[in-house]
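Okay, here's what each chain looks like letter by letter:
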Amino acid sequence: MDFGLAERIEVYREFVNPVIAEIKTYSPIHGDLVRNRNVIDILRAYENANAVGISYITAREFKGDFENLKLICKETELPVLRKDFILSKEEIERTASAEASAILLIARLLGHKTAEFVDLAHESDLEALVEVHSAEDIQIVEESKAEIIGINNRDIMKLEKDDGDVSVTERLSGLISVKGRIVVSASGIRTLEDLKRALKCADAVLIGTALMMADDPESKLRSFVEG
Ligand SMILES: O=C(O)c1ccccc1NCC(=O)[C@H](O)[C@H](O)COP(=O)(O)O
């Protein structure tokens, strides 16, 4: 792989709508999202539709499987983001050993340790996507060297029992004062209209459920990327 996630987003956004496509096993609201499909077939659909990167959730609350993360990383040239509730240096190293490109770090969970965890990720050659959901989180991420700021439109502590609304991205993106960070709007993006609203104030979007629930994930993703 030549480029990392941040760099690919920078390049893609000149030409198409940059979408990080998530291979999501389970939704606390919708249940099983894989429906007996092969995750590599889903990966190929996302590659064919020009995803800017791939996201995979390993967290057990979302029925993730670390072996699938390893398989996805082995099978694709696209940058892969691991999403989980990371609380230790060991989990950062484990993510790097799976050959992921980027790791999710959650400002609200890590608090004042966020900057240290970003540095640990960089020492393991991982890009850090630090997730924010409030003005306090933005202060925390701005004190770190995270190259990517992920605005979660849902409150992750509610484990997707809330709907998620792009208005969160609209509100929080205006509070980011440091320059040179890539901003990703994540969660609750269901329609092209949601995506277009998000991309007015973010550089990329991350979509899971809407793609996984589609009968044809490749054409669904293409409709977002080219819309
Ligand atoms: O975002 C988090 O903090 C998180 C951490 C660990 C597991 C899952 C987490 N969030 C859920 C997601 O990542 C969503 O699946 C993703 O943003 C896509 O959202 P949607 O398009 O609404 O499925």
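As the structure is a computational prediction, the values presented were derived from the model and not from experiment. Residue numbering note: each chain is counted from 1, following its sequence as written. Under the rules for a predicted model, residues below a pLDDT of 70 receive no local features and side-chain atom pairs below 80 are neither given nor counted, while totals for whole chains, interfaces and linings still include all residues.

1. Looking at the pairing of strand β6 (residues 102-106)
For β6, the tally of buried residues reaches five of five residues, placing the bulk of the element in the interior. The side-chain alternation of β6 yields two buried faces, one formed by A102, L104 and I106 and the other by I103 and L105. Strands pair, by our definition, only if DSSP identifies at least two bridges between them. Secondary structure elements are defined from DSSP: runs of H or I of at least 4 residues count as helices, runs of E of at least 2 residues count as strands, and each element is numbered from the N terminus. The sheet contact formed by strand β5 (residues 80-83) and β6 spans two bridges and is parallel. The residue bridging R82 from the neighbouring strand is I103, located in β6. In this fold, β5 hands off to helix α4 (residues 89-97), which returns the chain to β6; that crossover is right-handed. In this sheet, strand β7 (residues 127-132) lies alongside β6 in parallel orientation, the contact comprising five bridges. In the sheet register, A102 faces β7, and the bridge partner there is E127. We call a residue exposed when 12 or fewer other C-beta atoms sit within 10 Å of its C-beta, buried when the count reaches 20 or more, and partly exposed for counts in between; the C-beta positions come from the backbone. A clockwise path from the first strand over the helix to the second, with the strands pointing away from the viewer, defines a right-handed crossover.

2. Overview of unusual backbone geometry
We note that E99 has phi near 70°; this positive angle belongs to a residue other than glycine. By the element assignment, E99 lies in the loop between α4 and β6.

3. Considering the nonpolar core
Counting residues in each nonpolar core, the largest one holds 75 residues, and the members touching the most others are V19, L105, V184 and V205. If one sorts the elements of this core by residue count, β6 sits on top with five residues. Those residues within four positions of L105 in sequence are excluded, and the remaining contacts are I86, L110, T114, F117, V118, A121, A128 and V130. In plain words, the nonpolar core is the set of buried Ala, Val, Leu, Ile, Met, Phe, Trp, Tyr and Cys residues that C-beta atoms within 7 Å link up. Each residue gets a C-beta atom placed from its backbone, and two residues are in contact if those atoms lie within 7 Å.

4. Topic: the sheet that holds strand β9 (residues 182-186)
If you trace the eight strands once around the closed barrel, you get β1-β4-β5-β6-β7-β8-β9-β10, paired in parallel fashion. With strand direction ignored, the average angle separating the axes of adjacent strands in the sheet is 25°. Interaxial angle, 0 to 180 degrees, is taken between N-to-C directions of lines fitted to C-alpha atoms, where a helix line uses only the stretch in contact.

5. With respect to the site of the ligand
Neighbouring the ligand are 23 residues; I156, A186, S187, G208 and T209 lie closest to it. Residue composition of the shell around the ligand, by class: 12 nonpolar, six polar and five charged. Here, nearness is defined through the C-beta atom: a residue counts as near a molecule or strand if that backbone-placed atom lies within 6 Å of it. Classification used: nonpolar for Ala, Val, Leu, Ile, Met, Phe, Trp, Tyr, Cys and Pro, charged for Asp, Glu, Lys and Arg, polar for all others including Gly.

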